[in-house]
Each structure stands twice: as structure tokens, then as C-alpha cells.
Amino acid sequence: MEQLKKFIREVPDFPKAGINFYDITTLFQDPDGFDMALNAMEKYIRTKSPNKLVAIEARGFVFGAALADRLQLGLIPCRKAGKLPYRTVTEEYDLEYGTDKIQIHADAITSGDRVVLVDDLIATGGTLAAAGRLVEKLGGEVVGISSVIGLTFLPYEDKLSRYDVNYLISYDSE
Ligand code: AMP
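The rules behind the values
The numbering scheme is per chain: residues are counted from 1 as the chain's sequence reads. Since the coordinates come from a predicted model, pLDDT governs what is reported: local features require at least 70, and pairs of side-chain atoms require 80 or more to be given and counted, while whole-chain, interface and lining totals use all residues. Each side-chain value is derived from all of the structure's non-hydrogen atoms; neither hydrogens nor water enter the calculation. Helical segments are the DSSP runs of H or I of at least four residues, strand segments are the runs of E of at least two, and each set is numbered from the N terminus. With the radius of gyration taken over C-alpha atoms, the globule rule is written as 2.2 Å times the number of residues to the power 0.38. It only takes one pair of heavy atoms within 4.5 Å for two residues to be counted as in contact. For accessible areas, the Shrake-Rupley method is used with a probe of radius 1.4 Å. Any residue's cover is judged against the shown protein chains and nothing else. Only four residue types enter the tally: Lys and Arg on the positive side, Asp and Glu on the negative side; His and the chain ends are excluded. Lys charges are placed at NZ, Arg charges at CZ, Asp charges at CG and Glu charges at CD. One heavy atom within 4 Å of a molecule or strand is enough for the residue carrying it to be called near that molecule or strand. Distance and chemistry together define a polar contact, namely a pair of N or O atoms within 3.5 Å, with one atom able to donate a hydrogen and the other to accept it when in protein, and with adjacent residues in sequence counting only for side-chain atoms on both sides. To sort residues, take the accessible area from a 1.4 Å probe on protein chains only and compare it with the maximum for the residue type: under 20% means buried, over 50% means exposed, and anything in between is partly exposed. Paired strands, in this sense, are two strands between which DSSP finds at least two bridges. Clockwise travel from the first strand over the helix to the second, with the strands pointing away from the viewer, marks a crossover as right-handed.

Draft legend 1. Highlighting the overall build of the protein chain. Looking only at helices and strands, one finds 5 helices and 9 strands in the protein chain. Its C-alpha atoms give the protein chain a radius of gyration of 15 Å, within 12% of the compact-globule value 16 Å for 174 residues. Along the first, second and third principal axes, the C-alpha atoms of the protein chain reach 40 × 35 × 30 Å. Sequence-distant contacts in the protein chain: of pairs separated by 6 or more residues, those separated by 24 or more amount to 58%. Accessible surface for the protein chain amounts to roughly 8700 Å². Of this, 48% is attributable to carbon and sulfur atoms. Taking the 20 positively charged and 26 negatively charged side chains of the protein chain as two groups, their mean positions are separated by 5 Å.

Below you can see the structure in the form of C-alpha cells.
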């Protein structure tokens, strides 16, 4: 999977000084690269036998949509607060400075659902942990987390220790 790295563009100091941004739009632009990532994510997700995918706004939607179609699974968007039109459940999570809120529709998950969470990148794990709590609030079980990139120099394991986490490539220093 290391070969996937050639499709990821690293943008220093975005969105602010000191952050190395892993830009996945260059992967989307390359049909072979995108297919390679989807094949590996699909393979992992199949081992978990989920019946739903929860995709995290916004880049997680791109992977989630393609994977839901390949796997014939229900797709649930997890969005920033205020974007979803119907009744929602909300979880707050910490940012570097302050907090943010994410939501899913309250009727999107029901008791007994087996859910895999999908996103492009795991940094601190805060967003995915909050998405996991949303699924659990509604009676679902998080059977796995699928991401393209894991930033292993950040302590995401603290927040995601309860979950089975899979990523395709990792970066172990900034
Ligand atoms: P976190 O909650 O800290 O795991 O942050 C994960 C979310 O923030 C993901 O949806 C990523 O798309 C985005 N993100 C955080 N850090 C980066 C980074 N260095 N490069 C690209 N995206 C990032």
C-alpha cells in the first residue's frame, strides 16, 4: 500500500502554520489510485460484515459513497451541526482550540445495526470517536473504522481504543 503515497499531496502550513496537510484530492484525480484505495478499504470492510456505513463530512463522503455502492450497504452522512434537515442526534468533540459538534439523523441507525465508520484521515481520532458515540447512542455497534491515512505520531489510539481501526498508509512524523 506504500505506493498509495505517491497519490497524496503534502501541503505544508495549511490551513495554518505548522500543519502538514495530506491532500487527498490528488488521489481522487487518479482513477488507478482511487481504485487501489477503494479495493483495500472494501476488502477490510467485508471482513466486518456491516449493514451500514457512516461517512464523515466531507472527504469521507467520497469514499463512503463509492464503498456503499460496491458493498450494497446503507450510507449515513455524519455532518457538522446544522446541516442535516431532519431530527438529529449530536456529539461534541475537542478541537485544538475549542470544540465542534457533529450530527447524524436520529432514525438513520437502529438497534442491532453493525456499522463501519469511513473517513479519509485519522489525526487525533476525535471526530471518529464522536461519530462512534452517535452510532452507539442510537443502539448501533461500531464494528470497524476504515480510513486511507493514519497519522501515527498523534495519540489517536487513546480515543479509538475500543474500536478496530484500519488505515491503508501511515505517516509517523510531521
Ligand atoms: P481528528 O478528529 O483530529 O482525527 O481529525 C480528523 C479530520 O480532520 C479528518 O476528517 C481529516 O480530514 C481532517 N484532518 C486533520 N488533520 C489533517 C491533516 N494533517 N491533513 C488532512 N486532513 C486532516
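Draft legend 2. Molecular detail of the site of the ligand. The immediate surroundings of the ligand are formed by 14 residues, with Arg59, Asp119, Thr124, Gly125 and Thr127 found nearest. Within the side chain of aspartate 119, one N or O atom sits 2.8 Å away from an oxygen atom of the ligand. Within the side chain of aspartate 120, a nitrogen or oxygen atom sits 2.8 Å from an oxygen atom of the ligand. Considering the ligand on its own, with 490 Å² of exposed area, one finds that the protein chains cover 81% of that surface. Those elements that place two or more of their residues in the shell around the ligand are strand S2 (20–23), strand S7 (114–122) and helix H4 (126–137).

Draft legend 3. Focus on the pairing of S7. For S7, the buried fraction is high: 8 of the 9 residues fall into the buried class. Two elements, strand S3 (residues 52–56) and S7, share 4 bridges in a ladder whose sense is parallel. Opposite leucine 53, over in S7, you have valine 116 as the bridge partner. In terms of strand pairing, S7 meets strand S8 (residues 141–151) through 8 bridges, oriented parallel. Following the sheet pairing, valine 115 is matched in S8 by valine 142. Between the parallel elements S7 and S8, the chain passes through H4 in a crossover that is right-handed.

Draft legend 4. How the structure looks around the environment of arginine 133. Tracing the backbone through its elements, the reader meets arginine 133 in helix H4. Judged by relative accessible area, which is 30%, arginine 133 ranks as partly exposed. Between the C-alpha atoms of arginine 133 and glutamate 91, which are 42 residues apart in sequence, the distance is 7.2 Å. Not counting chain neighbours up to four residues away, the residues in contact with arginine 133 comprise Glu91, Glu92, Tyr93 and Tyr163. A distance of 2.9 Å separates a polar side-chain atom of arginine 133 from the backbone oxygen of glutamate 92.

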